[in-house]
Amino acid sequence: MGSQGLDIATVALIMLVIAVVIAIALGVRTVPQGYNYTVERFGRYSRTLGAGLGLIIPLFDRIGHKVNVMEQVLDIPSQEAITKDNAGVRIDAAAFYQVLDAAKACYEVSHLDQALMVLTMTNIRTVVGSMDLDQLLSHRDEINERLLRVMDAAASPWGVKVTRIEIRDILPPADIAGAMNRQMKAEREKRAAVLEAEGQRQAEILKAEGQKQSQILAAEGRKEAALRDAEARERLAQAEATATAMVSEAISRGDIQAANFLIAERYTEALKAMASAHNSKVVIVPIEAAALAGTVGGIAQLTKAVFGDEAAASRRGGSVPSAGRTVEG
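Residues numbered from 1 in each chain as written. Predicted model: local features only at pLDDT ≥ 70, side-chain atom pairs only at ≥ 80, totals over all residues. Heavy atoms only, no water.

**A short note on the side chain of Asn123**
Structurally, the position occupied by Asn123 is in helix α3 (residues 112–129). The class of Asn123 is buried, set by a relative accessible area of 13%. A polar side-chain atom of Asn123 sits 2.7 Å from the main-chain carbonyl oxygen of Leu119. (Helix = DSSP H or I, 4+ residues; strand = E, 2+ residues; numbered from the N terminus. Buried < 20%, exposed > 50% of the residue type's maximum accessible area, 1.4 Å probe, protein only. Polar contact = N/O pair within 3.5 Å; in protein donor to acceptor, adjacent residues only side chain to side chain.)

What follows is the structure, encoded as structure tokens:
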């Protein structure tokens, strides 16, 4: 009887150990990285198991949902939408979200992916309906920002964080697309014509500026030349005045040779002027040098006879009209 009781106790102990092992095996759960498991006790949410090793009570607890807490992408189907100016467009989009609270994502909303998809499509139509076609095509960043703000606020009670909303494509109708292409082509041609006209204008301005600078430099050159000529004439006049004063002083002292020199010089200049005149056809002048000397001597004697020594002393230079005869045709 004693051995039989011992055997029963041993069997019971073994069965207890086996039961404990089975219970431990059933109660141990390994949660992979990037997932959260919800635990339900008698059908009611109890707690959430994070990544790693977790324990539950067999027969009392069970795993309710296995939730992916990594960032996920939701492909939004292409849909038709009407803009503010009644233009129909087809829009493609994608939404990125991440579950932050597994319990809310499982027990606050049913079919989370479908709910996010419907919510995104509805808000896309709302945003598109509040914008003109031109604004819709040129302000994608603004559309993404508005959608993200609305979607994040709407999904927050579900324990979900909407990280991004991206508009992948906006397709206007074929006739509107053709009109837009023609408009774009016309704008480009207009810009090209404006740039070409602007280039020609700049070229003309630069050319005019160059001509202006050239004329200014030429005028400055002429001014400088005129100043130089005036200075030369002034010096020549000063030299002639000095020479005349010296000759007059010599005559006043009774030096008849100075009077002869002055008369001969003026006579020679008069002959040169007559010979170089443009309206002169024939000029009669003494040919031989002796004749020229005689003429000069005669003029000197005439001067002495007319003015005398006292007249020569009172004058400060004189000239006698040149002899000769010009025959104009």
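**Quick look at the environment of Met180**
Within the element layout of this structure, Met180 appears in helix α6 (residues 174–252). By relative accessible area, Met180 is classed as partly exposed at 27%. On a C-alpha basis, the gap between Met180 and Asp134 in space is 9.7 Å, while along the polypeptide they are 46 residues apart. Setting aside residues up to four positions removed in sequence, Met180 forms contacts with Leu137 and Pro172. (Contact = heavy atoms within 4.5 Å.)

**Observations concerning a nonpolar patch on the surface**
On the surface, a cluster of nonpolar side chains totalling about 550 Å² of accessible area is made up of Leu13, Leu16, Val17, Val20, Val21 and Ile24. Inspection of the secondary structure puts Leu13 in helix α1 (residues 2–27). (Patch = residues over 30% accessible without salt bridge, like charges linked within 9 Å, V, L, I, M, F, W, Y side chains within 5 Å. Areas by Shrake-Rupley, 256 points an atom, 1.4 Å probe, with all protein chains shown as cover. Salt bridge = Lys/Arg side-chain N within 4 Å of Asp/Glu carboxyl O.)

**Here's the deal with the nonpolar core**
Of all hydrophobic cores here, the largest spans 35 residues; its most connected members are Leu112 and Leu116. At the level of secondary structure, the elements contributing two or more residues to this core comprise β6 (72–82), β7 (88–99), α2 (102–107), α3, α4 (133–138), α5 (140–155) and β8 (160–171). Among the elements that line this core, the one with the most residues is α3, at seven residues. Leu116 has contacts with Leu74, Tyr97, Met151, Ala155, Trp158 and Val160, leaving out every residue within four places of it along the chain. One finds Val31, Tyr37, Leu49 and Ile56 within the second-largest nonpolar core, a separate group that totals six residues. (Core = buried A, V, L, I, M, F, W, Y, C linked by side-chain atoms within 4.5 Å.)

**What about the sheet that holds β8?**
With antiparallel pairing, the three strands of this open sheet are ordered in space as β6-β7-β8. Either end of the sheet is taken by a strand with one partner, and the two such strands are β6 and β8. Pairs of neighbouring strands in the sheet enclose a mean axial angle of 20°, with direction left out of account. Bridge analysis of β6 against β7 gives nine bridges, and the strand direction is antiparallel. Note on β7: the bridge partner recorded for Ile82 is Gly88. Contacting β6, β7 and β8, α3 runs over the sheet at an angle of about 40° to β6. (Pairing = 2+ DSSP bridges. Axes fitted to C-alpha atoms, helices over the stretch in contact; angles between N-to-C directions.)

**Digging into the confidence of the model for the protein**
Mean pLDDT for the protein: 79, with 76% of residues reaching 70 or above. In this model residues 309–329 is a low-confidence stretch, pLDDT under 50, and it forms 35 contacts with partners more than four residues away in sequence or in other chains. (pLDDT = per-residue confidence, 0-100.)

**Focus on the sheet that holds strand β2 (residues 35–41)**
The strand order β3-β2-β5 describes an open sheet built from three strands, whose pairing is antiparallel. Each end of this open sheet is capped by a strand with a single partner; those strands are β3 (44–49) and β5 (61–68). Each adjacent strand pair in this sheet contributes to an overall mean axis angle of 30°, direction not counted. When β2 meets β5, the two strands line up antiparallel, connected through six bridges. By the bridge assignment for β5, Tyr37 is matched with Lys66.

**Quick look at the packing of α3 against α5**
Contact geometry of α3 with α5 gives a least axis separation of 10 Å together with a crossing angle of 140°. Viewed along their axes, α3 and α5 adopt a mutual orientation that is oblique. Between α3 and α5 lies a crossing of right-handed hand. Note on element contacts: α5 touches α3 through Ile143, Arg146, Leu147, Val150, Met151, Ala154 and Ala155, opposite Leu116, Leu119, Thr120, Asn123, Ile124 and Val127. For the contact of α3 with α5, the residue count by class is ten nonpolar, two polar and one charged. (Parallel < 35°, antiparallel > 145°, perpendicular 65-115°, else oblique. Left-handed = near helix turned anticlockwise from the far one by under 90°. Nonpolar A, V, L, I, M, F, W, Y, C, P; charged D, E, K, R; others polar.)

**Some words on the side chain of Asn144**
The topology assignment puts Asn144 in helix α5. In contact with Asn144, not counting residues within four places along its chain, are Ile165, Glu166 and Ile167.

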